[in-house]
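Secondary and tertiary structure notes
Residue strings, one per chain:
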Amino acid sequence: MDLLPPEKLTTMKLKSILFLMILGPLMTLAQHKSVQAGRAWIAKEGPNIIGEFNRLLSIPNHASDSMNIRKNAGLLVEIFNKRGFSMQLLEYPGSPPVVYGERIVPGATRTLCFYVHYDGQPADPSGWTNNPFKPVLYDKAMFLGGKQIPLPKPGDPVSEEWRIYARSASDDKAPIISLMAAMDGLKNAGIDYTSNIKLFFDGEEESSSPHVSAILKKYKHLFEDVTAWMLVDGPVFQTGAPTLKFGGRGVTSMELTVFGPIRPLHSGHYGNYAPVPGQMLASLLHSMKDEQGNVLIEGFYDSVEPVSAFELEQLKRVPSIEETVKKDLALGWTEGSGQTLFQRLLLPSLTIQGLSSGNVGSLARNVIPATATANLGLRLVKGNDPEKMLDLLEAHIKKQGWHIVYGEPDRETRMKYPKVIRVDRDPDGFPAAKVPMDHPAILPIIEEVRSFTGDRLVLLPSEGGSNNIFSVIFDELKKPGISVNIVNHDNNQHAEDENVRIGNLWYGVDLMSVLFTLPKPAISGKRKR
Ligand SMILES: [Zn+2]
């Protein structure tokens, strides 16, 4: 659209510009037959879809609550059985079941497996405005002054700005309902799937999916024919723009404890004489990073795999959110000499996640504390090995003259070495996982999604967070996959008053409808049994 000086903008031009602005996105939607089918279904069945969602949200879903977790699993089996999927529970000792479903489409040469988790974070009702497992509907977000409204009755209009408040409304039961409604919409319109569809509903993601790798090994035969995994978990871009992500960062951590006197000392009697552990730890931490936030540990950035030209190109198209983020978080400066948030997410990070020595505030006392402790978190990118990164950190500490111990040091060790530090390494770190954006199984999916979202689609090489599932699928199963996000970013996930915006639930239906009906691959691959 040309940008004309205001005096050249005739009423007519203004009208046609407004027409395009309003109808532009809708026209793209309308052109997509599957999306149209979903939207028609929503228009007719919106209140019933919300009703079904409420049924699912009413069942508590912490992974350790085995009775309720099985109730959730049972309802999932029921929902997708009804929609032509053959369902089974993939059992593994000590784990909630994975709810698995498949629908084989005659002649299909591609198999998409949708990953969603049906468990949720613990929910302490005392912090919530309403009971986390009695879903309630609001006419808009609470933080915008929304008011509770009754559930719509069949035939009632449904607003996209409404929000449902309940644990797992966004994380991660919303995708289950979007999948369900997309299936119904396509069936109603007589549109067939173009790929085989598999469903993988994890029951312990919020507990880090400790058994997912073992379950995938045990039931390997069910996943061998998967062409690509669609991971439906997490929010869309901060601006609300549709988003696909191609991996996540790895994670590990290390706790450091520095020792001073063997017991806390009177700071008047010994101050200026006895070493102060807080001071010593501060000086060590200071050596790890420069004023711009660059990590000074030798080799810290050496193993980072470079980002491809294609990915750099996509990154350039990511809308700038720097000013909004800085304003939102009241940041007077950011690390990385002006690099954008998403550029920074492509590098490993080192964060002091916790610091402790003695007491502050009303508990402050006149003492030299005996110890000082810091917890350091590392987020990793493709190429970083968690163990090797921790080795680099230890090498740096030694270089600063510290004697490292891996448990409580005895009196003899403390007297022999002037600088004694205890190191506790995270035994459960895992590496980053990332699929190249131009992977042949993924490119057609991007193109098709873009055909309905238009240029608003944001492609992010990696999300900032870490999800073990990525590494299991990419590195262990050797399958490509992408993170397909649908929910609003301001959904309070993991916190009290978690919610989902109805418009995002409907966007999820659009997206699932598109994914169920991707154009058939041009060159047909090997026929799958
Ligand atoms: Zn989640």
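For every chain, the first residue of its written sequence is number 1, and the numbers climb from 1 along that sequence. Restriction of local features to residues with pLDDT of at least 70 applies here, the model being predicted, together with a cutoff of 80 or more for giving and counting side-chain atom pairs; totals for whole chains, interfaces and linings are based on all residues. Here the side-chain values reflect all heavy atoms present in the structure, with hydrogen atoms and water set aside.

Side note on empty space enclosed by the protein
Only protein atoms enter the calculation, which uses a 1 Å grid: trapped sets of points that fit a 1.4 Å probe without letting it out are cavities, open sets showing protein on both sides within 12 Å along at least five of seven lines are pockets, and any residue with an atom within 4 Å of a point is a lining residue. Grid points are joined across faces, edges and corners, and a volume is the space filled by probe spheres set on the points. Scanning the model with the defined rule gives one cavity of 30 Å³ or more in all. What the largest cavity holds in volume is close to 90 Å³. Broken down by class, the residue content of the lining of the largest cavity amounts to eight nonpolar, two polar and four charged. For this classification, Asp, Glu, Lys and Arg are treated as charged, while Ala, Val, Leu, Ile, Met, Phe, Trp, Tyr, Cys and Pro are nonpolar and the rest, including Gly, are polar.

What about the environment of Leu-460?
For Leu-460, the position within the fold is in strand 19 (residues 458-460). For Leu-460, a relative accessible area of 3% puts it in the buried group. When the C-alpha atoms of Leu-460 and Gln-314 are compared, they prove to be 7.5 Å apart, with 146 residues separating the residues in sequence. It only takes one pair of heavy atoms within 4.5 Å for two residues to be counted as in contact. Leave out the neighbours within four places in its chain, and Leu-460 touches Phe-237, Thr-243, Leu-244, Lys-245, Phe-246, Val-318, Phe-342 and Met-437. Secondary structure elements are taken from DSSP: a helix is a run of H or I of four residues or more, a strand is a run of E of two residues or more, and numbering for both begins at the N terminus. We call a residue buried when its accessible area falls under 20% of the maximum for its residue type, exposed when it is over 50%, and partly exposed in between, using a 1.4 Å probe and counting protein chains only.

Some details on the coordination of the zinc ion
Here the term donor refers to an N, O or S atom within 2.8 Å of the metal (or 3.2 Å for Na, K and Ca), and because water is left out of the atoms, sites may appear incomplete. Around the zinc ion, the donor atoms from the protein are His-117 (NE2), Asp-171 (OD), Asp-233 (OD) and Asp-233 (OD), and they sit 1.9 to 2.6 Å away. Sequence spacing of the donors to the zinc ion: H-x53-D-x61-D. Highlighted residues: His-117 in strand 3 (residues 111-117) and Asp-233 in the loop between strand 8 (228-231) and strand 9 (243-245), separated in sequence by 116 residues. Asp-233 carries the same exposure label as His-117, and that label is buried.

A word on the sheet that holds strand 6 (residues 163-165)
For two strands to pair, DSSP has to find at least two bridges joining them. What the four strands build is an open sheet, ordered 5-4-6-21; its pairing is antiparallel. With one partner strand each, in any of the chains shown, strand 5 (148-149) and strand 21 (499-501) form the two edges of the open sheet. Pairing of strand 4 (residues 136-138) with strand 6, which is carried by three bridges, proceeds in the antiparallel orientation. Bridge pairing in strand 6 places Leu-137 opposite Ile-164.

Observations regarding helix 4 (residues 174-189)
The α-helix advances 3.6 residues per turn, and as a result positions three or four apart in sequence lie on the same side. Working rule for helices: expected span equals 1.5 Å times residues minus one. Over its 16 residues, helix 4 extends 23 Å from the first C-alpha to the last, a length consistent with the 22 Å expected when each residue adds 1.5 Å. Of all 16 residues in helix 4, 13 are buried; the element is thus mostly enclosed. Once helix 4 ends, the next one or two residues include Gly-190, with phi positive near 70 degrees.

Looking at the pairing of strand 11 (residues 250-259)
Counting buried residues along strand 11, eight of its 10 residues qualify, which places the element largely inside the surrounding structure. Here strand 11 runs beside strand 15 (residues 371-380); their pairing, made up of 10 bridges, is antiparallel. Following the sheet pairing, Val-251 is matched in strand 15 by Arg-379. Where strand 11 lies against strand 17 (residues 420-425), five bridges are found, and the strand directions are antiparallel. Directly across from Met-254, in strand 17, lies its bridge partner Arg-425.

Some words on the packing of aromatic side chains
Centres within 6.5 Å make a pair out of two Phe, Tyr or Trp rings, where for Trp the six-membered ring is used; the pair is then stacked when the planes are under 30 degrees apart, edge-to-face when over 60, and tilted otherwise. Taken as a whole, this structure holds 14 aromatic pairs when the rule is applied. Their ring planes at 65 degrees and their centres at 5.0 Å tell us that Tyr-138 and Tyr-165 sit as a pair that is edge-to-face. Placement of the pair is Tyr-138 in strand 4 and Tyr-165 in strand 6, with a sequence separation of 27 residues. Of the two residues examined, Tyr-138 and Tyr-165, each falls in the buried class. The rings of Tyr-100, Tyr-115, Phe-200, Phe-223 and Trp-229 are connected pair by pair, giving a single aromatic cluster. In this scheme, the term charge over a ring applies when either NZ of a lysine or CZ of an arginine sits within 6 Å of the ring centre and within 35 degrees of the ring normal. Just above the ring of Tyr-193 sits the side chain of Arg-103; from NZ or CZ to the centre is 4.5 Å.

Quick look at the side chain of Thr-413
Looking at the element boundaries, Thr-413 is found in helix 12 (residues 411-416). Polar contact is defined as a pair of N or O atoms within 3.5 Å, subject to the rule that within protein one atom must be able to donate a hydrogen and the other to accept it, and that residues adjacent in sequence are counted only when both atoms are side-chain atoms. A polar contact is formed between the side chain of Thr-413 and the side chain of Asp-410, at a distance of 2.5 Å. When residues no more than four places from it in sequence are discounted, the contact partners of Thr-413 are His-403, Val-405 and Val-420.

Overview of the sheet that holds strand 11
Taken in spatial order, the five strands line up as 13-15-11-17-16 in an open sheet, and their pairing is mixed. Each end of this open sheet is capped by a strand with a single partner; those strands are strand 13 (349-356) and strand 16 (403-405). Adjacent strand axes in the sheet meet at a mean angle of 25 degrees when their direction is disregarded. Seen against the sheet, helix 7 (residues 277-286) touches strand 11, strand 13, strand 15 and strand 17 and runs at an angle of roughly 20 degrees to strand 15. In the packing of helix 11 (residues 386-399) onto the sheet, contacts are made with strand 11, strand 13, strand 15, strand 16 and strand 17, and the angle to strand 11 comes to roughly 25 degrees. Orientation is described by lines fitted to C-alpha atoms, with helices fitted over the stretch in contact, and by angles between N-to-C directions that extend from 0 to 180 degrees.

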